[in-house]
Amino acid sequence: MKNSFVKGLWKEHPVFRQLLGMCPTLAVTTSAVNGLSMGLAVMFVLNFSSLVVSLIRKVVPSQVRIAVYTIIIATFVTLADVFLKANYPSISKSLGPYVPLIVVNCIILGRAEAFASKNTPVKAVMDSLGMSIGFLWGLILLGGIREILGNGSFFGITLLGPGFEKWVVMVLPAGAFLVLGLLVAAMNFIEKRKTKVKVL
Amino acid sequence: MKNAVKIILVLTFVSLLSSGILSAVDMLSKDKILRNRKKAIDSAISKVIPAAVEVVHEGVIYKAFDKGKKVLGYAFLAEGQGYGGGIKMVCAVSPKLDKLLGIEIIESQETPGLGARINKEWFKNQFKGLDILNKITYTKSKPSGKSQIQAITGATISSRSVVHIINRRIEEIKKQFDSQGN
């Protein structure tokens, strides 16, 4: 049970190790706040859809399981979208079309198909909690680095003074790929060092 | 056969439940979303006509007055197709309908980092004081003349869309004023 939860945080990290959900990961992480709100929206959708998928796993005929999962996911995504529009219009505006696009985020369908549909509700929620927390910290880190370098601020608070030349490229799409590549490399480096130490 | 019935039943049940939940949530939050939209329009008007003390809504036109009840300008919504989806904005024109006072973008779904830069101040500021007796045009190099703006590098389609939407809407608004005999 503990393993279902922990693996998403680092070992099977959805962004840096499985490289899933790249569309929102690259597109919305222009700032830390965007990363945080996207991460929370995905957390909501992922946990509730995993729970429901796991609850009805014995009733759904396998031929239509993907269609059923998609309806369930789309329902929760629409709920999240309406909630943001009603209560946080400015966040909803800055995330733009990427909230409705959570429907096709492969982390969610992936967890439903690979895990929730084969495990008990408790285990399924443990798994999706771990995965979504992993996704959340990944997005905040990515958004944070890009915001600091590209805009000299973190969560909208100016960190680097006017003497700092902003690396505009970091908030452009190219910056997303650069930072993601470096983070994946760093993650691989740490993992390799860990296994080496064990061998010695 | 039995399985086919089960498939139909499960899909129908899941879809019904989903649409039930969604329509309930829609009913509960519709008013709030509408109120947010109205607030967005109001704050956009106060940005394009900062001196406005009173705004009167008449049909599609928002008349802005100063302290002495003098008309400062007319604001109106303009909507159209952008590159990544719809663009919705508030435009304001002078009382004589000869100058654009400014634009404010309320909704857009342009590519982040590229087309989304139509939301940037420097781009929107270009529209302040443009001559609208002629159609607004755009250029990729330095703008010349009284009704030209510079398109955003790498986002020509988004820039062009904004210009087209404004031109079309201004024409409609002018026609409406003509027919009223103002």
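On a predicted model such as this, the values are computed, not experimentally measured, just so you know. (Residues numbered from 1 in each chain as written. Chains lettered and ligands numbered in written order. Predicted model: local features only at pLDDT ≥ 70, side-chain atom pairs only at ≥ 80, totals over all residues. Heavy atoms only, no water.)

I'd like to hear about the overall build of chain B, residue by residue, with values.
Within chain B, the regular secondary structure consists of three helices and seven strands. Tracing chain B from N to C terminus, the helices and strands come up as α-β-β-β-β-β-α-β-β-α. Relative to a compact globule of 182 residues, whose C-alpha radius of gyration would be 16 Å, chain B shows 22 Å and is clearly more extended. If one aligns the C-alpha atoms of chain B with their principal axes, the spans along those axes are about 75 × 40 × 30 Å. In chain B, which comprises 182 residues, the share counted as buried stands at 39%. Across chain B, every contact between residues at least 6 apart in sequence was considered, and the portion connecting residues at least 24 apart equals 47%. Within the structure as shown, chain B displays about 10500 Å² of accessible surface, and the carbon and sulfur contribution to it stands at 58%. Considering chain B, the positive charge centre built from 29 side chains and the negative charge centre built from 16 side chains are found 5 Å apart. (Helix = DSSP H or I, 4+ residues; strand = E, 2+ residues; numbered from the N terminus. Rg over C-alpha atoms; globule rule 2.2 N^0.38 Å. Buried < 20%, exposed > 50% of the residue type's maximum accessible area, 1.4 Å probe, protein only. Contact = heavy atoms within 4.5 Å. Areas by Shrake-Rupley, 256 points an atom, 1.4 Å probe, with all protein chains shown as cover. Lys, Arg positive; Asp, Glu negative; His and termini not counted. Charge placed at Lys NZ, Arg CZ, Asp CG, Glu CD.)

Can you lay out the pairing of strand β2 (residues 61-65) of chain B for me, pointing to particular residues and giving the numbers?
Residues and elements named next belong to chain B. In terms of burial, β2 is largely enclosed, as four of its five residues are buried. In this structure, strand β1 (residues 54-58) lies alongside β2, joined through five bridges in antiparallel fashion. From the neighbouring strand, E54 faces β2, where its bridge partner is F65. Two successive antiparallel strands, β1 and β2, enclose a turn made up of two residues, where G59 displays a positive phi of approximately 60°. Across five bridges, β2 lies against strand β3 (residues 71-81) in antiparallel orientation. (Pairing = 2+ DSSP bridges.)

An account of a nonpolar patch on the surface is needed here, citing residue identities and associated values.
A cluster of nonpolar side chains, contributed by A:F154, A:L159 and A:L160, occupies part of the molecular surface with about 240 Å² of accessible area. Following the sequence through the fold, A:F154 ends up in strand β1 (residues 153-154). (Patch = residues over 30% accessible without salt bridge, like charges linked within 9 Å, V, L, I, M, F, W, Y side chains within 5 Å. Salt bridge = Lys/Arg side-chain N within 4 Å of Asp/Glu carboxyl O.)

Could you give an account of the packing of helix α4 (residues 65-87) of chain A against helix α6 (residues 106-114) of chain A, naming the residues involved and the relevant values?
Residue and element names in this part refer to chain A. One way to put it is that α4 packs onto α6 with a least axis distance of 11 Å and a crossing angle of 130°. What the angle tells us is that α4 and α6 run oblique. Where α4 crosses over α6, the two elements pack in a sense that is right-handed. Contacts from R65, I66, Y69 and I73 of α4 reach α6 at I108, L109, A112 and E113. (Axes fitted to C-alpha atoms, helices over the stretch in contact; angles between N-to-C directions. Parallel < 35°, antiparallel > 145°, perpendicular 65-115°, else oblique. Left-handed = near helix turned anticlockwise from the far one by under 90°.)

Give me the nonpolar core: which residues, what numbers.
Grouped together as the largest cluster of nonpolar side chains are 45 residues, with contacts concentrated most on A:F16, A:M38, A:V45, A:V68, A:I102, A:I108 and A:L180. Mapped onto this core, the elements with two or more residues apiece are α2 (22-28), α3 (32-55), α4, α6, α7 (121-151) and α8 (173-199) of chain A together with α1 (2-48) of chain B. Here this core gets nine residues from one element, more than from any other, and that element is α4(A). If near-sequence neighbours (up to four positions away) are discounted, A:I102 is found in contact with A:M38, A:A41, A:V42, A:V45, A:V77 and A:I108. With 28 residues, the next largest nonpolar core counts B:I61, B:A78, B:M89 and B:I136 among its residues. (Core = buried A, V, L, I, M, F, W, Y, C linked by side-chain atoms within 4.5 Å.)

So what's going on with the environment of A:S31? Residues and values would help.
All names here are of chain A. Along the chain, the position of S31 falls in the loop between α2 and α3. Along the backbone, S31 and R111 are 80 residues apart, and their C-alpha atoms lie at a distance of 27 Å. For S31, the contacting residues outside a window of four places in its chain are G143 and E147.

Break down the sheet that holds strand β5 (residues 100-108) of chain B for me, with residues and values.
Residues and elements named next belong to chain B. In spatial order, the strands read β1-β2-β3-β4-β5; together these five strands make up an open sheet with antiparallel pairing. Strand pairing shows two members of the sheet lacking a second neighbour, β1 and β5, which therefore form its edges. Each strand axis lies, on average, 25° off the axis of its neighbour in the sheet, ignoring direction. On top of the sheet, α1 reaches β1, β2, β3, β4 (86-93) and β5; it is set at about 155° to β5, its chief contact. Contacting β2, β3, β4 and β5, helix α3 (residues 156-180) crosses the sheet at an angle of about 125° to β3.

Everything listed here is a matter of geometry and, on its own, says nothing about what the molecule does.
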